[in-house]
Amino acid sequence: MDIFKIIDDFQRIDGDAAGRLEYATRRHFMSKIGSKLATVAVPTVFASIVNKAFAQSATAIEVLNYALTLEYLEDEFYKAGNAAANLIPASDKAIFAQIGKHETQHVAFLVKALGAKAIKKPTFDFQYGGAFGDVFTNYKTFVTVSSALEDTGVRAYKGQATALKADPQILEYALQVHSVEARHAAVVRRLAATVTANPAMKGWITGKEGAVPAIYAGEENMTQGGVNLKGLASKSDAAVTEAFDEPLTKAAVLAIAGPFIKA
Amino acid sequence: MNRLMKSKNNSGKEEGEITSVVNRRLFLRSAGLATSLGTIVIAAACNDDDPDPMIPGTGDTVDLGSGDVGVLNYAYALEQLEAAFYTQVIATPYSGMTDAEKTILTDIRDHEIIHRDFFKAALGDKAIKGLTPNFAAIDFTKRDAVLGAAKLFEDTGVAAYNGAGKLIKDDGYLVLAGKIVSVEARHAAVIRDLINPKSVDFAGDDIINGDGFDKAVAPADILAAVKGYVKDTITGANVGK
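Residues numbered from 1 in each chain as written. Chains lettered and ligands numbered in written order. Predicted model: local features only at pLDDT ≥ 70, side-chain atom pairs only at ≥ 80, totals over all residues. Heavy atoms only, no water.

**Student:** Give me the overall build of chain A: which residues, what numbers.
**Tutor:** From N to C terminus, chain A includes 10 helices and two strands. Listed N to C, the secondary structure of chain A is α-α-α-α-α-α-α-α-β-β-α-α in terms of helices and strands. For chain A, the residues scored as buried account for 53% of the 263 residues in total. Once local pairs closer than 6 in sequence are excluded, the contacts in chain A between residues at least 24 apart make up 74%. Of the roughly 10500 Å² of accessible surface on chain A, a fraction of 60% belongs to carbon and sulfur atoms. (Helix = DSSP H or I, 4+ residues; strand = E, 2+ residues; numbered from the N terminus. Buried < 20%, exposed > 50% of the residue type's maximum accessible area, 1.4 Å probe, protein only. Contact = heavy atoms within 4.5 Å. Areas by Shrake-Rupley, 256 points an atom, 1.4 Å probe, with all protein chains shown as cover.)

Structural data, given as structure tokens:
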């Protein structure tokens, strides 16, 4: 049994696994490595790590399944987009392949983390009840929907941070995914600026600039920590709103994402 | 009691050897960023005649403090560095800076100044002093040097906020950190796209792991990584504690 290989594998899915190992098993486990007891102790210890990491609270499971719903949506969207002939121009293929890769990884991670508690993949309607009828044939529509999904993802993860405080390791995972969605959003918004000839679309969100109003409602907020930042450091209102991304409640996100979900 | 002590010592030795291997592996994995930053700082601080990588400090020691104040001061320290860096970038534009680049870098400068001043105001009399940056290692006349440093600062900022999130106790502060970290991630992606347009680098495999995760790095490792860019000595042993 290669204990370090196993620790490494766990470290990949649970950044603090070895910290936990060290803490939980200092007396009972590490000193027995090399003895015949190790093979018995190992599975028990790892089972307890998995439980601690992934099943600490019902809230965490609910949040992870909520995240999984959105990741399923994104993953399937990019799978279809990347596979569609004559949709994404050659110059932009690398970008969407990379984004698609991450969404697939996020789904895989969440499914693994939730185990039997993972929800099933819903059936999606990317035409959004007809509003985006040409989403996989018209690059403009595709980029618009992509930027909308990514900015929604950023706002959705951000909205769950406080719900995960009791599960610090899961909170950290959520933050690590959250910033990846923000990287995606930034680069897709820049593509959208060119493709839709809208220079107001920057990598960051100015006011509530974005194609789908419901997704950007509240992004123009100027008040942080209870203080109106208007005029802070003599910077423009635009810069103040760009400097902060805003969270969205689960209800708001599900209202936005709902029409994408058929069943 | 003697027997217990003895057995503890015996296992302690073995335990120490094993955990040091584990820790080294973890460290190498999680400190990829710190290592790359450290290498650049050291490389830049050295010249052929002077192999000493030490950069002289101001002699001031700045303690970030403890608990949430410590985390906020930690963020304030990093935002101070970023704001100072981009202020310099715009004050002395590198050769060949396009209008589009200038617009982007000016936007980022403004965001970082807003972050800095916001933290300063939020901390009030608990705020650390204004730090003295040391950008001697950065050649502000060269596009590659400036964008390369910007990339490091932004990726570091993202990893720092991601690693500090779980240390924050107050809901309001946690949400605020979240509101800022995604903007830093947007900066990182745009800077990376300027360096390598239309490539995968905006969220490259050098920074995003096989689970599709950005980095999360603990304050001690971040402070070690940015040490060369500050003349003051920053101590953050109690950040979040």
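Further notes follow.
**Student:** Give a description of the overall build of chain B that names residues and reports values.
**Tutor:** Along the backbone of chain B there are seven helices and two strands. Residue pairs at least 24 apart in sequence account for 80% of intrachain contacts in chain B once pairs closer than 6 positions are excluded.

**Student:** Outline the nonpolar core, listing residues and values.
**Tutor:** If you look at soluble globular proteins, the nonpolar side chains tend to sit buried side by side. The biggest cluster of nonpolar side chains holds 133 residues, and the ones touching the most others in it are A:Phe96, B:Tyr74, B:Phe85 and B:Leu105. It is helix 7 (residues 168-195) of chain A that provides the largest number of residues to this core, a total of 15 residues. If we skip the residues at most four places from it in the chain, B:Phe85 touches B:Phe135, B:Ile138, B:Phe140, B:Val146, B:Ala149, B:Ala150 and B:Phe153. (Core = buried A, V, L, I, M, F, W, Y, C linked by side-chain atoms within 4.5 Å.)

**Student:** Please set out the interface of chain A and chain B residue by residue, giving values where relevant.
**Tutor:** Between chain A and chain B, the residue contacts involve 70 residues of the former and 69 residues of the latter. Between chain A and chain B lies a buried interface of about 6000 Å² when both sides are counted; carbon and sulfur atoms form 62% of it. The residue A:Arg190 makes a salt bridge to B:Asp193 at a minimum N-O spacing of 3.4 Å. Our count for the contact surface shared by chain A and chain B stands at 31 residue pairs in polar contact (both at pLDDT 80 or more). Breaking the side of chain A that touches chain B down by element, the ones donating at least two residues are helix 1 (3-13), helix 2 (17-25), helix 5 (93-114), helix 6 (139-160), helix 7 and helix 9 (237-242) of chain A. (Buried area = accessible area lost by both parts, 1.4 Å probe. Salt bridge = Lys/Arg side-chain N within 4 Å of Asp/Glu carboxyl O. Polar contact = N/O pair within 3.5 Å; in protein donor to acceptor, adjacent residues only side chain to side chain.)

**Student:** Break down the side chain of B:His115 for me, citing the residues and quoting the values.
**Tutor:** Relative to the helices and strands, B:His115 is located in helix 4 (residues 99-123). Within the structure, B:His115 has its side chain in polar contact with the backbone oxygen of A:Ala243 (distance 2.6 Å). With sequence-adjacent residues up to four places away left out, B:His115 is seen in contact with A:Ala243, A:Phe244, B:Glu79, B:Ile180, B:Val183 and B:Glu184.

**Student:** Requested: an account of helix 5 of chain A, with residues and values cited.
**Tutor:** The terminal C-alpha atoms of helix 5 of chain A lie 32 Å apart, and with 22 residues this matches the ideal 32 Å at 1.5 Å per residue to within 8%. Following helix 5 of chain A by one or two positions, A:Gly115 has its phi on the positive side, about 55°. (Expected span 1.5 Å × (residues − 1).)

**Student:** Give a description of the environment of B:Gln88 that names residues and reports values.
**Tutor:** As for its placement among the helices and strands, B:Gln88 is situated in helix 3 (residues 67-91). When the C-alpha positions of B:Gln88 and B:Arg109 are compared, they lie 9.2 Å apart, and in sequence the two are 21 residues distant.

**Student:** How would you explain the pattern of salt bridges if you had to name every residue and give the values?
**Tutor:** Counted by the stated rule, this structure contains 27 salt bridges over all chains. A salt bridge links B:Asp205 to A:Lys101, with the nearest nitrogen and oxygen atoms 2.8 Å apart. Taken as a pair, B:Asp205 in the loop between helix 6 (171-195) and helix 7 (219-226) and A:Lys101 in helix 5 lie in two separate chains rather than in one. Measuring nitrogen to oxygen at the nearest pair gives 3.7 Å for the salt bridge that ties A:Glu242 to A:Lys202.

**Student:** Quick one: what's the story with the packing of helix 3 of chain B against helix 5 (residues 143-164) of chain B, residue by residue and with numbers?
**Tutor:** Residue and element names in this part refer to chain B. Look at helix 3 against helix 5: their axes get within 11 Å of each other, and the N-to-C directions meet at 165°. Our classification of the angle between helix 3 and helix 5 gives roughly antiparallel. Crossing of helix 3 over helix 5 shows left-handed handedness. Along the contact surface, helix 3 presents Val71, Tyr74, Ala75, Leu78, Glu79, Glu82, Phe85, Tyr86 and Val89, while helix 5 presents Val146, Ala149, Ala150, Phe153, Glu154, Ala160, Tyr161 and Ala164. Of the residues that constitute the contact of helix 3 with helix 5, the class distribution is 14 nonpolar, no polar and three charged. (Axes fitted to C-alpha atoms, helices over the stretch in contact; angles between N-to-C directions. Parallel < 35°, antiparallel > 145°, perpendicular 65-115°, else oblique. Left-handed = near helix turned anticlockwise from the far one by under 90°. Nonpolar A, V, L, I, M, F, W, Y, C, P; charged D, E, K, R; others polar.)

**Student:** Tell me about unusual backbone geometry, and please be specific about residues and values.
**Tutor:** Among all residues except glycine, the phi angle is most often negative; among peptide bonds, the trans geometry is most common. Residue and element names in this part refer to chain A. One non-glycine residue with positive phi stands out, namely Tyr128, at about 55°. Despite not being glycine, Ala233 has its phi angle at roughly 55°, a positive value. Looking at where Ala233 falls in the secondary structure, it is placed in the loop between strand 2 (227-228) and helix 9. Ala233 sits in the partly exposed class, given a relative accessible area of 26%.

**Student:** Lay out helix 10 (residues 250-257) of chain A in plain terms, naming residues and giving numbers.
**Tutor:** Residues and elements named next belong to chain A. Taken as a whole, helix 10 has its buried residues at Val253, Ile256 and Ala257. Viewed end-on, helix 10 has its buried residues packed into an arc of 90°, placing them on one side of the element. Every exposed residue of helix 10 that faces more than 90 degrees away from the buried side is listed here: Ala251 and Ala255. Packing partners of the buried residues in helix 10 comprise helix 4 (58-83), helix 6 and helix 8 (213-216). (Arc of directions from axis to C-beta.)

**Student:** Before we move on, can you summarise the packing of helix 6 of chain A against helix 6 of chain B with the specific residues and values?
**Tutor:** Running from N to C, helix 6 of chain A and helix 6 of chain B point in directions that differ by 150°, and their axes come no closer than 10 Å. Here helix 6 of chain A lies roughly antiparallel to helix 6 of chain B, going by the angle between them. Considering how the two elements wind past one another, helix 6 of chain A and helix 6 of chain B form a crossing that is right-handed. In this structure, helix 6 of chain A uses A:Asp151, A:Val154 and A:Lys158 to contact helix 6 of chain B, whose residues at the interface are B:Gly178, B:Lys179, B:Ser182 and B:Arg186. In terms of residue class, the contact of helix 6 of chain A with helix 6 of chain B is built from one nonpolar, two polar and four charged.

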